[in-house]
Amino acid sequence: MSEMGTFKKLDDTTFTILKAANISEGLLHTLSRDDIRDLFPGPEHFLRRRSIWQMIHPEEQASNSGHPQSLSDGSSASPSNEPPQTNLQGATSLKGATPKKRATPKKVLQLPRPEYVIYTDTELEQVRKHYFEMKNIGREGGCTLSKELRCRLVRNTMTNMVSILRATVEAEDVRYPSKEEITAMAKRLVEYYPMLQDKPGGSKHSWMKTDLQTRIARHYRTLQEVYKRPKPNKDAVAQLLDLEFEARRAFIDSDTLKDQDRPAKIIEAYPCFRDLNHVLGELCRIVSKDNTAYIKEVKERWDTFQSQAVFYGIMKKVMKPPMTFNTEERAINMLKSLPAMFPSAVAPPKKLGRESEALLHVLMPSEDPNTYLQRRPLSCPVLIVDKENCMVAIGTTPVATFPKNHLHEGALYLMAYYYALHMTYPKCIATLLSVLQTEVLQDEIHERDTTSSYRKAMAEWKKFIGE
């Protein structure tokens with residue numbers, strides 16, 4: 001067959017890339033799966049890679065045509081840890097081994113949507129067949145997947161799942177499999193490749209689930225690419241943040257990040273945290289990850305807390321009655337008064353002035369926000385208010401902006417950043433932030449970690465509200 005005869009079967013993109021790489025017909029038939037993946041990386045080229053492999057290895061396609069590659073969950077075949085009889089008939093059995101006719105585990109993971117297919121190839125099937133041959137003589141314990149094959153299985157499983165998601169019309173806005181889908185796939189993989197089971201005593205699929213989640217975690221760099229676009233897909237980013245939560249928190253909470261560098265390094269790695277919705281989402285994952293209504297409930301508790309705090313502040317003579325204030329002025333009055341309602345034993349730095357400056361700074365008409373941030377003695381999150389809008393700044397860096405009519409939620413934004421970036425409360429407002437943590441976020445503080453100022457403030461507050 002001539003070179004052009006082979007290449008005529010390829011689409012224009014494939015032909016162009018192969019020619020650019022100086023791949024001739026003779027060389028084409030020597031390419032391994034990894035070679036093809038290097039030439040056509042990414043889930044968007046999954047079908048293209050598959051077509052090339054089937055074209056240069058027609059014997060595999062012919063051999064597989066006699067064995068169904070997918071069975072729906074409605075099939076009468078039941079899951080089993082034995083390979084199909086057809087796989088054993090052509091194999092050389094070990095002495096004493098008696099082939100048993102069993103139904104193979106399903107290669108299709110049928111979910112409400114979409115339908116995922118278990119990844120397999122010649123080498124993986126060989127190891128799987130060897131496992132069952134060894135199992136027939138009671139020696140399956142020594143049969144394992146090599147690191148290379150395990151990595152290939154995990155990599156291609158996730159690539160296939162993402163590709164199928166993107167190709168599903170109903171899921172066109174979804175970029176990554178959900179946690180439930182990953183868990184289901186991990187269980188099905190362990191059914192099909194039983195040598196992947198965990199050691200006795202635990203969940204059979206926990207290590208495989210961890211491997212799949214770790215593979216997804218490596219996609220965090222795509223967040224930077226997504227945020228270069230004019231309109232990032234927020235739902236896709238939120239789903240990715242869900243999937244790689246554990247790996248991200250390990251990075252953020254690690255001792256490798258110095259306190260002074262922590263916010264900048266985290267924002268650089270996760271630019272999505274410049275979006276207040278994603279920061280609030282992270283707060284939810286940390287405090288109550290299984291409660292999808294958590295942020296809504298927090299906002300409701302905050303509204304209740306503020307309505308009670310108005311009377312509490314007036315009673316303590318640290319707050320002006322808000323009758324003549326508009327919405328923004330009322331929010332500013334509340335934020336300025338809160339540190340005095342729940343005072344800390346430690347005074348603020350002299351350059352800072354009042355304790356409330358650790359929460360909020362209202363710019364004077366001629367004041368430059370960058371100049372203020374440069375001379376500010378604290379690096380904790382702070383709300384900056386000017387005539388047009390508001391911003392959250394951390395250290396000397398503006399991080400997020402929001403309209404002034406949302407200023408009444410400003411304290412929640414600050415708390416979300418403390419949690420998301422794993423930052424320590426400043427001592428001068430630690431009592432207030434601890435009260436917000438327990439009363440509004442409902443995130444308990446262990447008794448041994450409470451301060452005398454916090455215990456006193458909480459006792460007075462509980463007495464005032466009648467609890």
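Residues numbered from 1 in each chain as written. Predicted model: local features only at pLDDT ≥ 70, side-chain atom pairs only at ≥ 80, totals over all residues. Heavy atoms only, no water.

> Describe helix α22 (residues 452-465), with residues and values.
Look at α22: 20 Å from first C-alpha to last across 14 residues, which is about the 20 Å you get at 1.5 Å a residue. Those residues of α22 lying buried are Ser453, Tyr454, Ala457, Met458 and Trp461. Viewed end-on, α22 has its buried residues packed into an arc of 120°, placing them on one side of the element. The outward face of α22, more than 90 degrees from its buried face, is lined by the exposed residues Ser452, Lys456 and Lys463. Against α17 (294-315) and α21 (430-439) lie the buried residues of α22. Positive phi appears at glycine 466, one or two residues downstream of α22, with a value of about 80°. (Helix = DSSP H or I, 4+ residues; strand = E, 2+ residues; numbered from the N terminus. Expected span 1.5 Å × (residues − 1). Buried < 20%, exposed > 50% of the residue type's maximum accessible area, 1.4 Å probe, protein only. Arc of directions from axis to C-beta. Contact = heavy atoms within 4.5 Å.)

> Please give an account of the environment of tryptophan 207 that cites residues and values.
Summarising the element assignment, tryptophan 207 is placed in helix α11 (residues 206-217). Sequence separation between tryptophan 207 and valine 190 is 17 residues, and the spatial gap between their C-alpha atoms is 9.9 Å. Those residues in contact with tryptophan 207, other than ones at most four positions away along the chain, are Arg150 and Asp198.

> Would you mind going over the packing of α17 against α21 in detail, with residue names and values included?
In a pair of packed helices, the angle between the axes and the distance between the axes together describe the arrangement. Two numbers describe how α17 lies on α21: the axes approach to 10 Å, and their chain directions differ by 125°. One way to sum up the angle between α17 and α21 is to call them oblique. For the pair α17 and α21, the sense of crossing is right-handed. Side by side, α17 and α21 meet where Arg301, Trp302 and Phe305 of the first sit next to Val435, Leu436 and Glu439 of the second. (Axes fitted to C-alpha atoms, helices over the stretch in contact; angles between N-to-C directions. Parallel < 35°, antiparallel > 145°, perpendicular 65-115°, else oblique. Left-handed = near helix turned anticlockwise from the far one by under 90°.)

> Pulling in residues and values, what's your account of the packing of helix α16 (residues 276-288) against helix α20 (residues 410-420)?
The interhelical angle for the contact between α16 and α20, taken along N-to-C directions, is 60°, at an axis separation of 8 Å. It follows from the interaxial angle that α16 and α20 lie oblique. Judged by the twist between their axes, the crossing of α16 over α20 is left-handed. Between α16 and α20, the contacting residues are Leu276, Val279, Leu280, Glu282, Leu283, Ile286 and Val287 on the first element and Leu412, Tyr413, Ala416, Tyr417, Tyr419 and Ala420 on the second.

> Residue-level account of the nonpolar core, with values.
Phe273, Phe305, Leu338, Phe342, Leu407, Tyr417 and Leu436 are the most contacted members of the largest nonpolar core, which has 70 residues in total. Those residues in contact with leucine 407 that lie beyond four places of it in its chain are Glu328, Ala331, Ile332, Leu335, Leu383, Val385, Cys390 and Phe402. Core analysis: the next-biggest nonpolar cluster, separate from the first, contains 26 residues, Val127, Tyr131, Cys143 and Val190 among them. (Core = buried A, V, L, I, M, F, W, Y, C linked by side-chain atoms within 4.5 Å.)

> Explain the packing of aromatic side chains to me, and be specific about the residues and the numbers.
Under the definition given, this model contains 13 aromatic pairs. Among the aromatic residues, ring-to-ring pairing joins Trp302, Phe305, Tyr312, Phe342, Trp461 and Phe464 into one connected group. One residue, arginine 128, lies across the ring of tyrosine 192, its end atom 3.9 Å from the ring centre. (Phe/Tyr/Trp six-rings, centres within 6.5 Å; stacked < 30°, edge-to-face > 60°. Lys NZ or Arg CZ within 6 Å of the ring centre and 35° of its normal.)

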